[in-house]
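# Topology and contacts: notes
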Amino acid sequence: ITLDQLLNVPLVRRFHEEAERAHPALARQGGRRLLSEVVRRMLSAQVHDLIAQSRQRLNEYRPRDAQEARQGEPLVAFSGPMRQAITELKRFLFRELYRHPQVVETTRRAQGVVHDLFAAYTSRPEELPLEYSQRPDLHRAVCDYIAGMTDRFALREHERLTGQRLFA
């Protein structure tokens, strides 16, 4: 995603312009520091909006107890304008990032790594560290072991166990 693409999203554009006005030196430099400031401002605005809107809802509905709070309207929520702005940002991110063909392909290969690791460890538990291979529920132990892996370690293990290198 390029900055120009992001600036087509009203929420991003609003805080980008605000950050540029507040920090002209960062605006001239551009880059990651300016983007970090934009993200920081966006997150802060969302948190403040959520708190203000939730406070307003609590004052309006005044539930007497937890059960009444559960049964009524949601008490913790964004304001309408913030919810709409966040929805636009999410739509952009899903279209341009999460569902981008390159990301989808990378995710598919990563899922394959996890699948292959699970198959390898369950068929050859001796490949696991002792504290995992000796647990009574092998499937749970394998899941726990894989879940604790870093990406780099999982890829090395996958290559060691399968002989395949899925990521260059």
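The paragraphs below set out a description of the structure included in this document. (Residues numbered from 1 in each chain as written. Predicted model: local features only at pLDDT ≥ 70, side-chain atom pairs only at ≥ 80, totals over all residues. Heavy atoms only, no water.)

## Looking at the packing of aromatic side chains
- Per the counting criterion, the structure on display carries four aromatic pairs.
- Summarising the aromatic geometry, the rings of Phe94 and Tyr98 are spaced 4.9 Å apart at their centres and angled 75° between planes, so their arrangement reads as edge-to-face. A residue pair is termed a helical-turn pair when its members lie 3 or 4 positions apart in one helix, as Phe94 and Tyr98 do in helix H6 (residues 80–98) at four residues.
- You can call Phe94 partly exposed: its relative accessible area is 34%.
- Their ring planes at 85° and their centres at 6.5 Å tell us that Tyr145 and Phe153 sit as a pair that is edge-to-face.
- The class of Tyr145 is buried, set by a relative accessible area of 13%. (Phe/Tyr/Trp six-rings, centres within 6.5 Å; stacked < 30°, edge-to-face > 60°. Helix = DSSP H or I, 4+ residues; strand = E, 2+ residues; numbered from the N terminus. Buried < 20%, exposed > 50% of the residue type's maximum accessible area, 1.4 Å probe, protein only.)

## Description of helix H7 (residues 101–123)
- For H7, with 23 residues, the first-to-last C-alpha span of 33 Å sits near the 33 Å given by 1.5 Å per residue.
- Every buried residue of H7 is listed here: Val113, Leu117, Ala120 and Tyr121. (Expected span 1.5 Å × (residues − 1).)

## As for the packing of helix H4 (residues 31–61) against H6
- Contact geometry of H4 with H6 gives a least axis separation of 11 Å together with a crossing angle of 140°. When the interaxial angle is binned, H4 and H6 end up oblique. The interaxial crossing formed by H4 with H6 has left-handed handedness. Here Met42, Ala45, Gln46 and Asp49 of H4 lie close against H6, whose contacting residues are Met82, Ile86 and Leu89. (Axes fitted to C-alpha atoms, helices over the stretch in contact; angles between N-to-C directions. Parallel < 35°, antiparallel > 145°, perpendicular 65-115°, else oblique. Left-handed = near helix turned anticlockwise from the far one by under 90°. Contact = heavy atoms within 4.5 Å.)

## Here we look at unusual backbone geometry
- Although it is not a glycine, Arg62 sits at a positive phi angle of roughly 40°.
- In this fold, Arg62 is placed in the loop between H4 and helix H5 (66–71).
- Classification of Arg62 as exposed rests on a relative accessible area of 57%.

## Side note on the side chain of Arg41
- On the secondary structure map, Arg41 appears in helix H4.
- Polar contacts involving the side chain of Arg41 include one to the side chain of Glu37, which spans 2.7 Å.
- Those residues within four positions of Arg41 in sequence are excluded, and the remaining contacts are Phe15, Glu18, Ala19, Ala22 and His23. (Polar contact = N/O pair within 3.5 Å; in protein donor to acceptor, adjacent residues only side chain to side chain.)

## Some thoughts on H6
- All of the buried residues along H6 are Met82, Ala85, Ile86, Leu89, Phe92 and Leu93. The buried side chains of H6 occupy one side of the element, clustering within an arc of 120° when seen end-on. Relative to its buried face, H6 has exposed residues pointing more than 90 degrees away, namely Gln84, Lys90, Arg91 and Arg95.
- As for H6, its buried residues are in contact with helix H1 (3–6), helix H2 (10–22) and H4. (Arc of directions from axis to C-beta.)

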